[in-house]
Amino acid sequence: MISNIIRKSALKLFICLGVPLSLFSSSFVGAQSADVYPLKTALVYNFAKFTQWPETAVSSVVNICYFSELYKPSMERLAGKKISKSLVLVKQVKNIDEVDQCQLLYIDKSQREKLNRLFLKVKGKPILTVSDISGFYGEGGMIEITVKDNRLRFLINLFPVNESDMVLSSQMLKLAVEVKR
Amino acid sequence: MKNFYICAIFSTLVCSQVVQANRESDSFELSLQELLEVEITSVSKQPQALSKAPAAIYVITNDDIRRSGATSIPQALRDVPGLHVAQLDSQKWAIGSRGFSGRYNNKLLVMMDGRTLYSPEFSGVYWEVQDTLMADIDRIEVIRGPGAAMWGANAVNGVINIITKHSADTQGGYAEIGAGDYEKGFASVRFGGKLDEGATIRGYVKGFKRDSLPFNDQDMLTLQRAMMNGVSSDNDWGDLQGGGRVDIALEGASSLTVSTDFYRSKLQQTVFTPTVDAPLYGKYYSDEFDANGWNLLAKFTEALSATSEYSIQAYYDHARRDDSLFGFTTDTADIDFQYQFKAGTSHNIIWGLGYRYINDDINVAPIITSEKSLDTSTDLWSAFMRDEIMLNDSLWLTLAARVEHNSYTGAEIQPNLRLLYKIDDVNTVWSSVAYSVRTPSRAENNLSINAVNILPNVSIAPPMPAVPYLTKIVVVGNGDYASEKLMTYEIGYRYTPFSVFSLDSSLFYNNYSDLRSVTTGITDLSTIPRGFITQHNSFSNNASGHSYGAEISAQWLVSNDFKMKLNYSFFEGDFSESLTQNTYAPKHIISLNADWSLNKHVGINATWRYTSDALALSPFTFTDKTIGSHQGVDVGVNWSPSSDITLSWFGKNLLGGSYVEYEAEQFHIPYRVEPSFYGKLSVSF
């Protein structure tokens, strides 16, 4: 009986607090600030724009792959966009052996334990690796996304990029915080 | 009315879904340069993705810990569905998963970064000495139900994995300082740096003093009050701890992690010992003692291909407790090998081998005698294998088994079968059947314990007649004492209708056999000239029982800056009478958490929780006593004037008054939990 009352009042509280807040709180984000997931996704999309893959890997599509569920909503929105004449395809991957068809692979920080296998897999392959895992570009990754003063920054390691015969535009290199050549 | 609520929920969900969509669209139109100028909103909350595993899993994130202001691991575990977390005194906690809550809960395995925190001599966890810098915890994964096939014996009712951050994620400096009433004062500092390209390090030091919880002698039996007579109930304590971690990315797709911790605590407690002195035949006394320890762990991982990887982990753990009731030194050395690979297109296989050596020396124990040396060692060998089979796009079957050989009961095999069916993107169901064991503790196997004496002319168990002498009860360890066994049946259901709302639920049925009981043995009259008779009883496996229950966890991202979480656990059980351990969890545990970011500087976190009546073993009477239901509110306010500085205020157990949350078995006295608060300043540099 008592527990029934408590359950009911918990539900009421859940709703009574939730409904007004969701309707009246300042939900709409101004142009000057944005959520971190879509923002990082947009950054990944821009990296793809500034990358030239070797001829063997060029086709009429650019495959952007990502791992985590957290990025699913924002990544899915990239599908169908165009990069010059190529169509962007987006694929969520779960295992390292599924990345063969990817031109760009985004691995987020919840996936750190996959790094050893990833580096072994992509070595020498024209797959642009991007991550927000701290230390990524020092450990063998290509582009690391970091946050400084609440703004996104990125670092580039050109060794694996050159090894895989990819070319990053000088415009992008200029905007990087650090470029390892 | 009911319809109104349903309608309100639905429309709000749809509304928040639209909000979610809106805020994600525009950043794709920005140029690279423009993107780097956009400020990341610190107010917005993210939904936590539900686990894909066929098990009842709940994850506490670093962010959860920070916002709730938990200053210890037990505090962080409050509100996890299926767990009963209760504070016994300033230091001690009773934490149980799906029942079997208590100071001496032997059915829950706890690990930190792969190192077991389970103490073999009393089969339980000394929560007071399991600590680290809370800000460096990446997450705590709580698996309710058996994890034995993967993690080993004693993971019968659950596994708690505490995982600390990679040292690359703790670069730079961090310091915090704070004080309140229960938290008399604390300070921590951590510094992280780079050793080389791909090699990072961090080190930390922390210290705290915590005040006694209040004691009220009305919470005890008349007999206990007489024994307590004027003895100090102080239970305050202090701790100094430090440690560090190094992570190195090595050539050839491999990596190495080395970590260490050391601690020194000074604790005060009030404990009981039985005596042969009239008229009370027992006494409480106040005991001040030290506990200290250190550990060193190394883990090497190497990838052999995109789908295969092995790791070798070794650690050493030293713990010493100069408790005058039960003082011991334990040294543990452990080595584990694991190999995971993909076979064909549908098998994900992981197998491993392990060996653990434990040396355990009881230094002081007035109530313990043993025919064997008080300094003994045991070996544990283990092998396990798990195959995760993808039957088709939506159906996964997991087969797992672990074989272990321990010094007391020999070989134990613990199999587990799990099935997961992803109905569609919104609905997932899973089910599990598992057999697991809880292996004997040293006390059950070869120690004799005099935990209580029965007063003259009192019959405690009706078949036994009352005698005009004091009866000294000695429970004798039994070399033939077997493992406790459990068959578990679980089903779970996950529902994610919108990205902003999710529901995770599970039902379980546990069938226990060979549970610990005490069998009456020989009565020794030879001590009558000394004024008492000695009754020798021994540990046996004649108890059994079953329990069932449900857990629900719902989370709802009401708007960008407001998140709510509702956790509920239901428990029902039926066990043999006069069990020698706490078996029942409270029937209902509910918690409701709201987390609100007012603006980019201020966040408020509030939790209301209710715990219904609980049954706990009552000292001296050999029966269960009821601990009353209680509720309370925790509130936390975090104010960050800049991104590097946060000022926080936390109130704990507010509005609930003063109450006994739970009681430790036999040797300790009940303490009360009361409202408390503290303030904290944390700085990153």
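Residues numbered from 1 in each chain as written. Chains lettered and ligands numbered in written order. Predicted model: local features only at pLDDT ≥ 70, side-chain atom pairs only at ≥ 80, totals over all residues. Heavy atoms only, no water.

### A few points about the side chain of Thr301(B)
Note the following rule: Secondary structure is summarised from DSSP: a helix means a run of H or I of at least four residues, a strand means a run of E of at least two, and numbering begins at the N terminus for each. Classification of residues uses two cut-offs on accessible area relative to the type maximum, computed with a 1.4 Å probe and protein chains only: under 20% is buried, over 50% is exposed, and between them is partly exposed.
With respect to the secondary-structure elements, Thr301(B) resides in strand β14 (residues 282-305). Thr301(B) sits in the buried class, given a relative accessible area of 14%.

### Quick look at the state of the cysteines
Throughout this description, disulfide means a covalent bond between two cysteine sulfur atoms. All names here are of chain A. Operational definition: The definition used for a disulfide is geometric: two cysteine sulfur atoms within 2.5 Å.
Applying the stated criterion across every chain, the model contains one disulfide over all chains. A sulfur-sulfur distance of 2.0 Å marks the disulfide that ties Cys65 to Cys102. Sign of the S-S torsion, about -95° for the bond between Cys65 and Cys102, identifies this disulfide as left-handed. Residue Cys65 is located in strand β3 (residues 61-66), and its partner Cys102 is located in the loop between β5 (86-92) and β6 (104-107); the two are separated by 37 residues in the primary sequence. Like Cys102, Cys65 is buried.

### Considering the environment of Leu120(A)
Selection criterion: By definition in these notes, contact holds between two residues if any of their heavy atoms fall within 4.5 Å.
By the element assignment, Leu120(A) lies in helix α4 (residues 115-122). On a C-alpha basis, the gap between Leu120(A) and Gly140(A) in space is 9.9 Å, while along the polypeptide they are 20 residues apart. Leu120(A) has contacts with Ala253(B), Ala303(B), Leu304(B) and Ser305(B), leaving out every residue within four places of it along the chain.

### Concerning helix α2 (residues 36-49) of chain A
Residues separated by three or four positions in an α-helix point in the same direction, a consequence of the helix having 3.6 residues per turn. So the rule is basically this: Here a helix's expected span is defined as the number of its residues, less one, multiplied by 1.5 Å.
The end-to-end C-alpha distance of α2(A), which contains 14 residues, comes to 20 Å, matching closely the 20 Å that a straight helix rising 1.5 Å per residue would cover. Along α2(A), 12 of the 14 residues are buried, which leaves the element largely enclosed by surrounding structure.

### Re the environment of Pro73(A)
Assignment of secondary structure puts Pro73(A) in helix α3 (residues 72-76). For the pair Pro73(A) and Asp149(A), spaced 76 residues apart in the sequence, the C-alpha separation amounts to 25 Å.

### Here we look at the packing of aromatic side chains
Put simply, the rule reads: Stacked, tilted and edge-to-face are the three classes applied to pairs of Phe, Tyr and Trp rings, where Trp contributes its six-membered ring and a pair requires centres within 6.5 Å; stacked means planes under 30 degrees apart, edge-to-face means over 60, and tilted covers the rest. Over a ring means this: the NZ of a Lys or the CZ of an Arg is within 6 Å of the ring centre and within 35 degrees of the ring normal.
This structure, assessed with the given rule, holds 27 aromatic pairs over all chains. The interplanar angle of 40° and the centroid separation of 5.7 Å between the aromatic rings of Phe119(A) and Phe136(A) together place this pair among those described as tilted. Taken as a pair, Phe119(A) in helix α4 and Phe136(A) in helix α5 (residues 136-139) lie far apart in primary sequence, 17 residues in all. The class for Phe119(A) is buried, based on a relative accessible area of 15%. Ring plane angle 25° and centroid distance 6.0 Å describe the contact between Tyr310(B) and Phe337(B), whose orientation is recorded as stacked. Within this pair, whereas Tyr310(B) is found in strand β15 (residues 308-321), its partner Phe337(B) is found in strand β16 (residues 327-343), the two being separated by 27 residues in sequence. Take Tyr310(B): its relative accessible area is 17%, and that puts it in the buried class. You can call Phe337(B) partly exposed: its relative accessible area is 25%. One aromatic cluster is present, built from ring pairs that chain together Phe300(B), Tyr310(B), Phe337(B), Tyr339(B), Phe341(B) and Trp351(B). Above the face of the Tyr137(A) ring, Lys180(A) is positioned so that its terminal group lies 5.2 Å from the ring centre. Geometry around Phe208(B) places Arg210(B) over its ring, the cationic atom sitting 3.7 Å from the centre.

### Let's talk about the environment of Leu117(B)
Assignment of secondary structure puts Leu117(B) in the loop between β6 (115-116) and β7 (137-144). Overall, the relative accessible area of 4% leaves Leu117(B) in the buried class.

### Comments concerning the pattern of salt bridges
All names here are of chain B. Spelled out, the test is: When a carboxyl oxygen of Asp or Glu lies within 4 Å of a side-chain nitrogen of Lys or Arg, that pair is called a salt bridge.
Taken as a whole and judged by the stated rule, the model has 53 salt bridges over all chains. The partner of Asp136 in a salt bridge is Arg190, and the shortest N-O contact between them spans 2.9 Å. Of this pair, Asp136 sits in the loop between β6 and β7 while Arg190 sits in strand β10 (residues 183-196), placing them 54 residues apart in sequence. The exposure class assigned to Arg190 is buried, which follows from its relative accessible area of 7%. For Lys266, the salt bridge goes to Asp290, with nearest N and O atoms at 2.9 Å. Here Lys266 is found in strand β13 (residues 254-274), whereas its partner Asp290 is found in strand β14, with 24 residues between them in sequence. Because the salt bridges share partners, they merge into one network encompassing Arg98, Arg144, Arg418, Glu490 and Glu551.

Without other data, these values stay purely geometric and don't point to any function.
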